[in-house]
Amino acid sequence: MEAGALIIIFALLVLFAFLGLGAWATVKAVGAAKRGVDRTITQARRTVEDTALRAKSFGQVGVAGTLAQLRLDLRTSMRATQQALYQGVQADASLKESIGLFERLSAHGYELDDELKRLEQEPDRARTGAMLPELRERTAKITEAADSLRWAARDRARRFAEDDLSALSAQIEVESGALRDWSRESVDDLAAAAAAWDAQQPPAGRAASAGPSGPAARTPEPPAALNPTPPQSGYPWQKAPQPETTT
C-alpha cells in the first residue's frame, strides 16, 4: 500500500515538473515573441519618422525644414554609430569603453531630438527661428562626437584586419616554401634510392658467364676412359700438329 502511494506521489511530482517546464517555456516563447513584435514596431515607427523628416527637409523651407534636417542628421549619425560600436564589440572587447561614452552621448542626443520634435509643433516661428543657431551648434557637437567614435572604431577594425591579413600571408609564404622544399627532397631521395638499387644489381653478362655455383660446381669430372683428351687449340698463329706415321 505504501509502495503504491509512493509511486502515485512520484508520478504527480513528475507531472507537476513537466507542467512547470511547459509553463516556463510558454512564458519564454511569449516574451521572445513580444520582444520581436516590439522590435519590429519600433523599427517600423523609426522608418516612418525618418521618411517623414526627409520629406519635410526637402519639401518645406524656413524653420520647419531646418528643424527636420537637424533631426534627420542627428538620428542618422547616432544610429550609424550605435550599429558600428555594438557590432564591433563582438570582435573587439576594448570597444566597451567606447560604448559607455556613446551611451552618455546618447542621453544628450535624445534630449536634443525631443526638443527639436517639440519645436516642430511650436506656433511661434519667430522665437523658434531665433533658437536655430544654438540648436545647430548642439546638433553639430553631438554628431561630430558620434562620427568620431564611429570612424575610430572602423579604423581600428580595419587595422586589425590588415594586421591579420599580413600575418596570414607570411604564414602562407612559409608554408608554400616548406611544401616546395619537401617536394624537391622527395625527388632527390627517390633518385638516390634508384641509383643505389641499380648499383647493387650484378651486370647481365657477368651473371650469365658465372655459371653454376655451389657443391655441384666443385664436383670433379671423371677421367676419360679410352678416348684421349683432344689437344687444346693453340693460338691462331701456331701450325696444326702433324699426324704421326707408323712403318
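Residues numbered from 1 in each chain as written. Predicted model: local features only at pLDDT ≥ 70, side-chain atom pairs only at ≥ 80, totals over all residues. Heavy atoms only, no water.

Trainee: An account of the overall build of the protein chain is requested, with residue identities and associated values reported.
Mentor: When its secondary structure is counted, the protein chain shows seven helices and zero strands. Secondary structure elements in the protein chain, listed N-terminal to C-terminal, are α-α-α-α-α-α-α. Across the 247 residues in the protein chain, those meeting the buried criterion constitute 18%. Of the contacts made within the protein chain by residues no fewer than 6 positions apart, 67% connect residues no fewer than 24 positions apart. Of the roughly 19,700 Å² of accessible surface on the protein chain, a fraction of 61% belongs to carbon and sulfur atoms. (Helix = DSSP H or I, 4+ residues; strand = E, 2+ residues; numbered from the N terminus. Buried < 20%, exposed > 50% of the residue type's maximum accessible area, 1.4 Å probe, protein only. Contact = heavy atoms within 4.5 Å. Areas by Shrake-Rupley, 256 points an atom, 1.4 Å probe, with all protein chains shown as cover.)

Trainee: Outline the layout of surface pockets, listing residues and values.
Mentor: Here the second largest pocket is characterised by a volume of approximately 160 Å³. Looking at the second largest pocket, the residues that line it are A84, G88, A91, D92, L95, A153, R154, R156, A157 and F160. Contributing elements (two or more residues each) for the lining of the second largest pocket: α2 (63–88) and α5 (132–200). Counting residues per element, the lining of the second largest pocket draws most heavily on α5, at five residues. Of the residues belonging to the lining of the second largest pocket, the class tally is six nonpolar, one polar and three charged. (1 Å grid on protein atoms, 1.4 Å probe; cavity = no way out; pocket = protein on both sides within 12 Å on 5 of 7 lines; lining within 4 Å. Points joined across faces, edges and corners; volume = space filled by probe spheres on them. Nonpolar A, V, L, I, M, F, W, Y, C, P; charged D, E, K, R; others polar.)

Trainee: I'd like a rundown of the nonpolar core, residues and numbers included.
Mentor: If you look at the biggest cluster of nonpolar residues, it comprises 20 residues, and the most contacted ones within it are L67, M78, L112, L116, L135 and I142. Among the elements of the structure, α2, α3 (96–120) and α5 are those that each provide at least two residues to this core. Apart from residues no more than four positions distant in its own chain, L116 is found in contact with L67, L70, R71, L135 and T139. (Core = buried A, V, L, I, M, F, W, Y, C linked by side-chain atoms within 4.5 Å.)

Trainee: I'd like a description of a nonpolar patch on the surface, backed by residues and values.
Mentor: Together, I8, L12, L15, F16 and L19 make up a nonpolar patch on the protein surface, roughly 510 Å² of accessible area in all. Along the polypeptide, L19 turns up in helix α1 (residues 2–59). (Patch = residues over 30% accessible without salt bridge, like charges linked within 9 Å, V, L, I, M, F, W, Y side chains within 5 Å. Salt bridge = Lys/Arg side-chain N within 4 Å of Asp/Glu carboxyl O.)

Trainee: Requested: an account of α3, with residues and values cited.
Mentor: Along its 25 residues, α3 runs 35 Å from first to last C-alpha, staying within 8% of the 36 Å computed at 1.5 Å per residue. When α3 is considered as a whole, its buried residues turn out to be S98, I99, F102, L105, S106, G109, L112, D113, E115, L116, L119 and E120. (Expected span 1.5 Å × (residues − 1).)

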